[in-house]
Amino acid sequence: MTTASLRLALVGAPNTGKTSLFNSLTGSRQKVANYPGVTVERKSGSFVTPEGRSVTVLDLPGTYSLRGRSPDEEITRDIVLGRFDGEAVPDLMLCVADATNLRLTLRLVLELKRVGRPMMLVLNMIDIAKRRGVTIDLDRMSQELGLPIVTSVAVRKGGVSELLKRTDEFLAKPHEAAASEWTTPTIADLKAAQREADRIIAAVVTLPTKPDTLTNRIDSVVLHPVWGLVILAVILFVMFQAVFTWAQPAMELLSDGFAALGQLIHDVMPEGWGLLQSFLQNGLISGVGSVIVFLPQIIIIFLFILLLEDFGYMARAAFLMDRIMGGAGLHGRAFIPLLSSFACAIPGIMATRVIDNRRDRLTTILIAPLMTCSARIPVYTLIISAFVPATTLWGFVNLQGLVMFGLYAAGITSALTVSAIAKFFLWRDHAPAPFMLELPDYKMPRLKSIAIGVFTRAKMFLYRAGTTILSMMVLIWFLASFPQAPAGAEGPAINYSFAAMIGHALEPLLRPIGFNWQIAVALIPGMAAREVAVAALGTVYSIEGGKEAADQIGQVLAQKWTLATALSLLVWYIFAPQCASTLAVIRRETGGAKWMVVTFLYMLALAYVASFLTFNLAQALGLH
Amino acid sequence: MTGDPDTSQDNLQDIRLGHADRGFVGKIIRLDALVTGSSLSPQELEQRLVEMGFVEGARVEILHEGTIRRDPIAVRVDNITIALRRSEAMAVIVE
Ligand SMILES: Nc1nc2c(ncn2[C@@H]2O[C@H](COP(=O)(O)OP(=O)(O)O)[C@@H](O)[C@H]2O)c(=O)[nH]1
Ligand SMILES: [Mg+2]
């Protein structure tokens, strides 16, 4: 089709199923970007209706009103009102409502109507409403609201067919937008709108004969003052054990695969091509391979986060953690961004947008990089498997898993401490921001939406492995290979390279914390992405040793490092600001370099002091 | 019913939701955001409460309480559940 596509926008309160509808309308034809100038995520996608209209659709941030209390809500308001530069006003707004929970959305609908744009009400989750025995007189409701209404089940195959059909019918006719009568609602307006919404609901909805007692029953355990916290701790513990143990077989498979591929190249290449051979085997394949090996772990951690989110547990976790985090000067809502930071600080920092108070948001951004992100896992795994025996304690706890858990705990504890200190020094006069959150009903997680979510993240990770990390690997291989050793030179060739020069230059600074020059070399590309340090160590050592393949890095390290050095590097990785992209995101999110510099410096100082203490303590204890 | 009866009220039966215990069931009489421990301005607090469905006449029930100082609370407001802190719930006058 050559005509410009029609623009739809999904508007509605949080948790009404906008993203699920978006997924089921567009499938995998989605694009995630940022709105220009701000850092709110812009999710757009396209599809073709049954009658052949090509349509683009926007998944707007959830909101309870057009008041715009946070940057996300301002985006929704401005797009709906057609005030957003560079974003055309939608041809049709699909206002999404949870059919089992109409009160708040209907008030939003009444507010949206005042904007005067073409609009259709989508009663989503009609399957749940039916199961519970809620009946809705759709004709009457449509009459009362003066809007077309369709029902949908966003998560079922064919659950949006009526929506598609009605969209076609709607778009077939021209629609004039009326002049907007919208003004920022006052409290009296809000109350009047809520009364009107309640009146309509009373007239058209017959309430459930069996209310959702299941959610309540689950909550009486999950939100229990004691058991709730125990369950939360168990969930986190299982998550980290899983990351360490479940991923193992897949990781071994991948690492064997890359080793075999490297060997194959080695064998196939003719003898005289030593440099190219070394580049392909040691620079390219083992470099990228040693990072891709961690894909299974990243998939598992995102699987957990997305499952918990979809199930409705994340809001409960915020409830349980609000006071505890409040003690450290954090908002309950910070829990979700911080939990996402376990996967990667970048989405975590971006997720702090749900915190509408600027100071709370800044504190959360400041400590998000201390959460153990998945890029640290490669480094932790490498060192732990080289230095910690894989014994089983008490019959079920894997010692390596326990150490991993300890590293996570150290990250969390230090984050809370930093936050408490920041609260004390930076904003002592600051009263806590309010915590107000809807606790949605529990839902069975949907395989499809989880799969889409995990897939997007895996793609992001592989993309990073394929671009940033690959180019860093090529760079480090170059630094480690040139200038080449003069003919007849003594010792390993890498001792003559640029890498060695840089490493030796930094070594005096790092010697007090137990790092040798090889570690110093690996830390440099590790700034681009933490996990690169693993491959870099491989390059540094395998080139030096000549024969060791990348999958034997661990064994090499176990011979070359003392336990004190290994522990010091582990501790370094808890704190060090070893990620240029995180720093870049902080700069973007806080609108200036100041907080980026603050984050970098405080993390560097923490890392140096903590590693110094660890190294010297370990040496004093005789851990060689 | 427990909680301190608010002395500023004419009706001694009216209490603030922030004082009520778990299991409390009642009805919202009005909002009064002037004297709460919230960091929000009274007007902003009232607006947010209304947006979350706390309006006159709504049935409220305290379903769950947090671990530390029984805060925050999970409140059933008609047929949705809202989590909020007691300091903000002080603005909700119930009977
Ligand atoms: N049973 C059922 N669940 C749904 C439906 N639509 C969404 N969900 C679930 O509701 C939850 C929230 O959906 P989501 O799309 O994230 O809502 P959003 O916050 O509006 O984007 C998820 O757990 C979905 O799986 C539906 O039509 N039926
Ligand atoms: Mg969504």
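Residues numbered from 1 in each chain as written. Chains lettered and ligands numbered in written order. Predicted model: local features only at pLDDT ≥ 70, side-chain atom pairs only at ≥ 80, totals over all residues. Heavy atoms only, no water.

Overview of the confidence of the model for chain B
Residue and element names in this part refer to chain B. Put simply, the test is: Each residue carries a pLDDT score, the predictor's own confidence in it, on a scale running from 0 to 100. We call two residues in contact when some of their heavy atoms are within 4.5 Å.
With 87% of its residues at a pLDDT of at least 70, chain B reaches an overall mean of 85. In this model, residues 1–9 is a region of pLDDT below 50 whose contacts with residues beyond four sequence positions or in other chains number 15 contacts. The complex prediction reports pTM at 0.77, with the ipTM value standing at 0.88.

A short note on the domain arrangement of chain A
Definition in use: Delimitation of the domains relies on an automatic or database domain assignment.
Each domain of chain A was delimited in the assignment, giving domain 1 (6–206) and domain 2 (471–620). Put simply, the middle of domain 1 of chain A and the middle of domain 2 of chain A, counted by C-alpha atoms, are 51 Å apart.

Thoughts on the interface of chain A and chain B
The criterion, for reference: Note: buried area is the sum, over both parts, of the accessible area (probe 1.4 Å) each one loses when the two are combined. Here, a salt bridge means any side-chain nitrogen of Lys or Arg that lies within 4 Å of a carboxyl oxygen of Asp or Glu. Any pair of N or O atoms that falls within 3.5 Å is considered a polar contact. Within protein, one atom must be able to donate a hydrogen and the other to accept it, and sequence-neighbouring residues count only if both atoms are side-chain atoms. Only DSSP runs of H or I covering at least 4 residues are called helices, and only runs of E covering at least 2 are called strands; the numbering of each starts at the N terminus.
Listed per partner, the contact involves 40 residues of chain A and 38 residues of chain B. Of all residues in chain A, Arg103, Arg323 and Met436 of chain A bury the most surface against chain B, accounting for 21% of the area lost on that side. Taken together, the links from chain A to chain B amount to 7 salt bridges. Linking aspartate 71 of chain B and arginine 323 of chain A is a salt bridge whose minimum nitrogen-to-oxygen distance equals 2.6 Å. Between chain A and chain B we count 16 residue pairs in polar contact (both at pLDDT 80 or more) in total. Breaking the side of chain A that touches chain B down by element, the ones donating at least two residues are helix H3 (103–113), helix H7 (187–204), helix H8 (213–222), helix H13 (313–327) and strand E12 (436–438) of chain A. In terms of residue count, the dominant contributor to the side of chain A that touches chain B is H7 of chain A (5 residues).

As for the site of ligand 1
Residues and elements named next belong to chain A. What counts, and what does not: Any residue with at least one heavy atom within 4 Å of a molecule or strand is counted as near it. All accessible-area figures derive from a Shrake-Rupley calculation using a 1.4 Å probe, and residue coverage is judged against the displayed protein chains alone.
Close contacts around ligand 1 come from 17 residues, with Lys18, Thr19, Ser20, Asp127 and Asp310 the closest. Note that an oxygen atom of ligand 1 is positioned 2.6 Å from one of the side-chain N or O atoms of serine 20. Note that an oxygen atom of ligand 1 is positioned 3.2 Å from one of the backbone N or O atoms of methionine 125. Here ligand 1, which alone exposes 580 Å², has 88% of that area covered by the protein.

Here we look at the confidence of the model for chain A
With 91% of its residues at a pLDDT of at least 70, chain A reaches an overall mean of 84. Per-residue pLDDT stays below 50 along residues 544–550 of chain A; that stretch engages in 11 contacts with residues further than four places along the chain or on separate chains.

Observations concerning the environment of isoleucine 346 of chain A
The residue isoleucine 346 of chain A is located in helix H15 (residues 345–351) in this model. Spatially, the C-alpha atoms of isoleucine 346 of chain A and isoleucine 524 of chain A are 20 Å apart, while their sequence positions differ by 178 residues.

Some words on a nonpolar patch on the surface
Stated formally: Patch rule: a residue counts if its relative accessible area is over 30% and it has no salt bridge; like charges are joined within 9 Å, and nonpolar side chains (Val, Leu, Ile, Met, Phe, Trp, Tyr) within 5 Å.
Together, Val221, Val226, Trp227, Val230, Val234 and Val238 of chain A make up an exposed nonpolar region whose accessible area comes to about 510 Å². Element by element, the count of residues in the nonpolar patch is highest for helix H9 (residues 227–245) of chain A, at 4 residues.

Looking at the packing of aromatic side chains
The geometry of an aromatic ring pair is captured by two quantities: the separation of the ring centres and the angle between the planes. Residue and element names in this part refer to chain A. Definition in use: Think of it this way: a Phe, Tyr or Trp ring, Trp meaning its six-membered ring, pairs with another when their centres are within 6.5 Å, and the plane angle makes it stacked under 30 degrees, edge-to-face over 60, tilted otherwise. Burial classes follow relative accessibility: with a 1.4 Å probe on protein chains only, a residue under 20% of its type's maximum area counts as buried, one over 50% as exposed, and anything between as partly exposed.
By the definition in use, this model includes 8 aromatic pairs over all chains. Relative to phenylalanine 304, the ring of tryptophan 246 has its centre 6.0 Å away and its plane inclined at 35°; by these criteria the two rings are tilted. Of the two residues, tryptophan 246 is situated in the loop between H9 and helix H10 (248–268) and phenylalanine 304 in helix H12 (residues 295–311); the sequence distance between them amounts to 58 residues. Its relative accessible area of 53% is what places tryptophan 246 among the exposed residues. Between phenylalanine 311 and tyrosine 442, the aromatic rings sit 4.8 Å apart at their centres with planes inclined by 35°, giving tilted as the arrangement. Taken together, the positions of phenylalanine 311 in helix H12 and tyrosine 442 in the loop between E12 and helix H19 (447–481) put the pair 131 residues apart, joining distant regions of the chain. Residue classification places phenylalanine 311 among the partly exposed residues on the basis of a relative accessible area of 27%. Its relative accessible area of 11% is what places tyrosine 442 among the buried residues. Through a chain of ring-to-ring contacts, the aromatic side chains of Phe478, Phe482 and Phe498 assemble into a single cluster.

Brief notes about the packing of helix H25 (residues 580–590) of chain A against helix H26 (residues 594–620) of chain A
Residue and element names in this part refer to chain A. We count it as follows: As a rule, the C-alpha atoms of each element are fitted with a line to give its axis, helices using only the stretch in contact, and angles between N-to-C directions run from 0 to 180 degrees. Here is the rule for handedness: rotate from the far helix to the near one, and if that takes an anticlockwise turn smaller than a right angle the crossing is left-handed, while a clockwise turn gives right-handed. Residue polarity is assigned by list, with Asp, Glu, Lys and Arg as charged and Ala, Val, Leu, Ile, Met, Phe, Trp, Tyr, Cys and Pro as nonpolar; anything else, Gly included, falls into the polar class.
Packing of H25 against H26 leaves a shortest axis separation of 7 Å and a crossing angle of 145°. Judged by the sense of rotation from one axis to the other, the crossing of H25 with H26 is right-handed. Residues Leu583, Ile586, Arg587 and Thr590 of H25 form the contact with H26, whose own contacting residues are Trp595, Met596, Thr599 and Phe600. Considered class by class, the residues forming the contact of H25 with H26 number 5 nonpolar, 2 polar and 1 charged.

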